[in-house]
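The primary structure of each chain is shown beneath.
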Amino acid sequence: MIKKAIALLIIVWGVYWSFSSLMPREEISIDVPDNQFSTHRALMHLKTIAKAPHYVGSEEHHRVRDYIIAQLEQLGLETQIQEGFSVDNYGNLTKPKNIIGRLRGKEKGKALLLLTHYDSDPHSAIGASDAGSGVVTILEGLKAFLSSNKTPKNDIIVLISDGEELGLNGANIFVNNHEWADNIGLVINFEARGSGGPSLMFIETNQGNANLIKEFVKANPEFPVSSSLFYSIYKILPNDTDLTVFREDGNIDGFNLAFIDDHFDYHTQLDTYERLDRNTLKHQGSYLMPMLYYFAEADLEALKSNEDNIYFNAPIFKMVSYPFSWIYPMLVIAIVVFVRLLIYGIKQKALRAKPIGKGFLAFFIALILAGLIGYFAWPMLKTIYPYYDEMLQGFTYNGHDYIAAFAFGTLALCFFVYHKVYEKGNTASLLVAPITFWIIICVAIALKLKGASFFIFPVYFALLCLFVLIRQKQPSLILMALLSLPLLILITPLVQLFPVGLGLKMMLTNTVLVVLLFGLLLPVFGRFKYKKRLGYLSVLIAVFFLISAHSKSGFTQDRPKPNSLLYVFNANDSTAVWVTYDKLLDDWTRPIFGEQPEVASSLNKHIVDSKYSTRFTYTKPAPLKFIEQPKINIFKDTIIQDVRHIKLDITPQRRVNRIELLASTSNAFQVFKANGQVIKSPKKSKNNRLLSYYIVDNDPLVLEFEVPNGQKTEFTLLEASYDLLDNTSFNLPKRDAIMIPKPFVLNDALVVKKTITID
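Keep in mind the model is a prediction, meaning the values are calculated, not measured.

Calculation notes
- Residues numbered from 1 in each chain as written.
- Predicted model: local features only at pLDDT ≥ 70, side-chain atom pairs only at ≥ 80, totals over all residues.
- Heavy atoms only, no water.
- Helix = DSSP H or I, 4+ residues; strand = E, 2+ residues; numbered from the N terminus.
- Rg over C-alpha atoms; globule rule 2.2 N^0.38 Å.
- Buried < 20%, exposed > 50% of the residue type's maximum accessible area, 1.4 Å probe, protein only.
- Contact = heavy atoms within 4.5 Å.
- Areas by Shrake-Rupley, 256 points an atom, 1.4 Å probe, with all protein chains shown as cover.
- Lys, Arg positive; Asp, Glu negative; His and termini not counted.
- Charge placed at Lys NZ, Arg CZ, Asp CG, Glu CD.
- Expected span 1.5 Å × (residues − 1).
- Arc of directions from axis to C-beta.
- Patch = residues over 30% accessible without salt bridge, like charges linked within 9 Å, V, L, I, M, F, W, Y side chains within 5 Å.
- Salt bridge = Lys/Arg side-chain N within 4 Å of Asp/Glu carboxyl O.
- Polar contact = N/O pair within 3.5 Å; in protein donor to acceptor, adjacent residues only side chain to side chain.
- Phe/Tyr/Trp six-rings, centres within 6.5 Å; stacked < 30°, edge-to-face > 60°.
- Lys NZ or Arg CZ within 6 Å of the ring centre and 35° of its normal.
- Pairing = 2+ DSSP bridges.

J.: Sorry if this is basic, but what is going on with the overall build of the chain here?
T.: Each helix and strand in the chain was counted, giving 21 helices and 26 strands. For the chain, whose C-alpha radius of gyration is 29 Å, the value lies close to the compact-globule estimate of 27 Å for 759 residues. By principal-axis analysis of the C-alpha atoms, the chain measures approximately 90 × 70 × 60 Å. Across the 759 residues that make up the chain, the buried fraction comes to 60%. Here the contacts in the chain between residues at least 6 apart in sequence split such that 81% fall between residues at least 24 apart. Per element, the accessible surface of the chain, about 30800 Å² overall, is 56% carbon and sulfur. Averaging the coordinates of the 76 positive side-chain charges in the chain and doing the same for the 70 negative ones gives two points 13 Å apart.

J.: Would you mind showing me how to read unusual backbone geometry here?
T.: That bond from Pro 122 to His 123 is cis: its omega, -5°, falls within 30 degrees of zero. Looking at the element boundaries, His 123 is found in the loop between β5 (111-117) and α4 (128-146). A cis geometry characterises the amide bond from Asp 130 onward to Ala 131, with omega recorded as 0°. Tracing the backbone through its elements, the reader meets Ala 131 in helix α4. One non-glycine residue with positive phi stands out, namely His 267, at about 60°.

J.: Where do I start with helix α11 (residues 327-347) in this structure?
T.: Note on helix geometry: an α-helix contains 3.6 residues per turn, so any two residues three or four positions apart are oriented the same way. If you check α11, its first and last C-alpha atoms are 30 Å apart, about what 21 residues at 1.5 Å a residue would give, namely 30 Å. Those residues of α11 that fall on the buried side of the exposure criterion are Ile 327, Met 330, Leu 331, Ala 334, Phe 338, Leu 341 and Gly 345. Each buried residue of α11 lies within a common arc of 100° when the element is viewed along its axis, so the set occupies one face. Along α11, exposed side chains directed more than 90 degrees from the buried face belong to Arg 340 and Lys 347. Where α11 is buried, its residues touch β10 (309-314), β11 (318-323), α14 (427-448) and α15 (456-471). Where α11 ends, the next residue or the one after it, Lys 349, has phi of about 60°, a positive value.

J.: For this particular structure, what's the right way to read a nonpolar patch on the surface?
T.: Together, Leu 361, Phe 364, Ile 365, Ile 368, Leu 369, Leu 372, Tyr 375, Phe 376 and Leu 508 line one region of the surface with nonpolar side chains, adding up to about 850 Å² of accessible area. No other element matches helix α12 (residues 353-384), which puts eight residues into the nonpolar patch. We classify Ile 368 as exposed; its relative accessible area is 52%.

J.: Please clarify how the side chain of Asn 154 should be interpreted in this entry.
T.: Relative to the helices and strands, Asn 154 is located in the loop between α4 and β6 (156-161). Polar contacts involving the side chain of Asn 154 include one to the main-chain carbonyl oxygen of Phe 295, which spans 2.9 Å. A polar contact of 2.9 Å, which involves the side chain of Asn 154, links it to the backbone oxygen of Ala 298.

J.: How should I be thinking about the packing of aromatic side chains in this particular structure?
T.: As enumerated under the stated definition, the model contains 50 aromatic pairs in all. Aromatic side chains Phe 174 and Phe 246 sit 5.9 Å apart centroid to centroid with 35° between the ring planes, which places their arrangement in the tilted category. Of the two residues, Phe 174 sits in helix α6 (residues 169-177) while Phe 246 sits in helix α9 (residues 242-250), which places them 72 residues apart along the sequence. Here the two residues Phe 174 and Phe 246 agree in accessibility, since each one is buried. With centroids separated by 5.5 Å and ring planes inclined at 65°, the aromatic side chains of Tyr 387 and Phe 555 adopt a geometry described as edge-to-face. Residue Tyr 387 is located in the loop between α12 and α13 (399-419), and its partner Phe 555 is located in the loop between α20 (531-551) and β12 (561-563); the two are separated by 168 residues in the primary sequence. Classification of Tyr 387 as partly exposed rests on a relative accessible area of 23%. Among the residues examined, Phe 555 registers a relative accessible area of 18% and is labelled buried. The side chain of Arg 102 reaches across the aromatic face of Trp 180, ending 4.6 Å from its centre. The lysine or arginine in question, Arg 278, covers the ring of Tyr 273, its NZ or CZ lying 4.6 Å from the ring centre.

J.: Looking at this model, I keep getting lost on the sheet that holds strand β21 (residues 677-678). Mind explaining?
T.: Strand-to-strand pairing in sheets goes through backbone hydrogen bonds, with the strands running parallel or antiparallel. The five strands lie next to each other as β17-β18-β23-β20-β21, forming an open sheet whose pairing is antiparallel. Two strands close off the open sheet at either side, each with one partner strand: β17 (631-640) and β21. One ladder, built from two bridges, connects strand β20 (residues 671-674) with β21; its direction is antiparallel. Residue pairing in the sheet places Ala 674 in a bridge with Gln 677 of β21.

J.: Would you take a moment to explain the pairing of strand β19 (residues 658-663) for this structure?
T.: Consecutive residues of a regular strand have side chains that alternate between opposite faces of the sheet. Judged by how many residues are buried, β19 sits mostly within the fold: six of six residues are covered. Note that β19 and strand β22 (residues 689-694) share five bridges and pair antiparallel. The partner of Leu 662 across the bridge, within β22, is Arg 689.

Below, the structure is given as structure tokens:
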């Protein structure tokens, strides 16, 4: 009994260690030497930067830019502002203003670039984490580096880019237009997709990663958290950073350092100085300092490689890395060893057909049931708590409780299922099914997702356990638990990582991974006769977390409800409506829309661009208010060889933040430019959208396009300002303290809708 308790404690400790070893957790001290990174000093910068939303074109944006420039100049860097119009592949157009600094090195060669961005997401995000944390990490890191009074070998360039939140626009004009871009040898980029948790390292490269990961290991950051799996998944997802532009347009390699936990704060009014996890900021600093010291002296022209490496972090070892060429040999070795162990076990009568069959049945029952639970978890939760749908990130304030609840619920399921097949001495036979399934997974990974091929290591330790179980009838449970630690360290963090980073819709990964973990822990749990007791304990823990989640399911000042409101004036027929994206009205929106609001079907013919293509839900007729309409001036209209060449400008007559331009896909554009930038494939625009123009310096939108002569060309213009709640003509009440503006959508806006027709 004591040995079982010790074995269980080892497993519990292994789970704890797998998380606690990921990031620093020391107290923040104010007495840090000048030549070391000080989280306290970085936070002092952040308190100044993250006072209010500072999206592109806002007054706060200008103030933050001036502050950063002043800090770089105090550090002795050459500074400059780069500006110019830029449009991304999705039609997001703006005029970013990049902050650039340079510290000259001793030798002529490739430069090291430190990268982050200073704009916050329009219109309500405070931007403390995304990416104020990156700005202050670079400022404090440079200050500590320069305190050593050592001139680096390589030039160090700082790019605090602009317009990242809109379409990576600042990175675009730097990589494609700035003279220093050709001299960049390596980029270190700081990002955030939440306000806490460990910072994950993602490599960006067009070639192999072998040299990059080798040099990263030599830089020796204290708490590296990374794996080749992360980037394999990152490449699949539609989430790019500024570093993507360096890779795609400049063939420049780099490291992304980004944290993603507390995803519910992402792009919201909650992304504040107070809510940023201090240990997370310390973790970013723990990456920067060793990497800065190392790569300031390294040969940055020797980072390209045609080889790829598998890599992953592990306590004590920090980073483990080996070539892709080892994948198939390691897989073949595992298969050969497994087959030989099966033969050996059958000969020793330690493996028997009937228990093996029961093991397969139990494993597949657990896997299928867990898969069903995980697949339907998020839809079920939204049915019980329909207001969860208002959180477009897909990760609720109580999301961590749900992750724990479903993990322990799945664990209980495994205990109950395997209780039915328990027989003394059949643990080795039961282990055959999980190992078989893990090997099949490793084969699939080797073919389709090579970055995850380090999953073979748990298989090796499971094979070692199987060998011991065949050789000994009653092997040491403590030994079995110790042999399970690599499995726990490698896989357990993923149980939380996927639902946190990708939303609770990915709870399927949580439940399936728990079954896969449990299967390889059978050398320990298979020996427990009374698994039901552990099952009931797991149920109690799951229920505890469900109760905890329920107690935090409502909205409070710390967990506010996102909501939305727009006023849309149709200049074509002089009508106006209130519009919302909310599926469930609340005490702030219900008095405006009433108990029976109209469905916003007609407005959704023209969908305003948003991260998740969110559609309007309800409308309500609104009182007419005088709003200045934009002026449209056509100053070129000529026909050359049956092609009509038109140039016009759209000039706002009020303080406007954004213009959406839409056109029917029946229009044929041979060439289409906006403020001198070519709009790619305008006929293939999503939802009839040609572009979204985010206005800086109140510059007009200048359009140049060519169409077939005789075509009737029609545009729909949506001109928006983010001042609905400040407009005294409406006298709208402020949101309650338990509410925030809904992120990722056009919100709190006065919108003028106008049709432009060119016959």
